[in-house]
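Structural description and commentary
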Amino acid sequence: MNIKKNQVFVQLEIANWDNTDLASSLFETCYSQRQYENDIIEVHQVVDLGKHKGKSRYLIIINITQDLDNLGEEIDNPYIVKSP
């Protein structure tokens, strides 16, 4: 088993808590990091960065685990920029 682990950092800004579901936002953030169908994506930590110009700011730390021997199909993810 050939495992590759990676950690990414994503900043999230929330302007209005009345219109925001944090769980849904975290799910979408994790989904945006998937490249292959067998990727394992986990939220490692959510760090409150405080408020800036009336918006709540958070740093989302995400762990990505890939089994390089069994990646699965590549996901057509519009959030991922592919190299030419």
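Note: the structure precedes this text.
Residues numbered from 1 in each chain as written. Predicted model: local features only at pLDDT ≥ 70, side-chain atom pairs only at ≥ 80, totals over all residues. Heavy atoms only, no water.

1. Regarding the pairing of strand S2 (residues 40-52)
- Looking at chain direction, S2 and strand S3 (residues 55-67) are connected through 11 bridges and run antiparallel. Paired with aspartate 48 across the two strands is tyrosine 58, which belongs to S3.
- From the end of S2 to the start of S3, which pair antiparallel, there are two residues, and lysine 53 there has a positive phi angle of about 55°. (Pairing = 2+ DSSP bridges. Helix = DSSP H or I, 4+ residues; strand = E, 2+ residues; numbered from the N terminus.)

2. So, the sheet that holds S2
- Strand order in the open sheet made by the three strands is S1-S3-S2, with antiparallel pairing throughout. Either end of the sheet is taken by a strand with one partner, and the two such strands are strand S1 (3-14) and S2. Sheet twist, expressed as the mean angle between neighbouring strand axes with direction ignored, is 15°. (Axes fitted to C-alpha atoms, helices over the stretch in contact; angles between N-to-C directions.)

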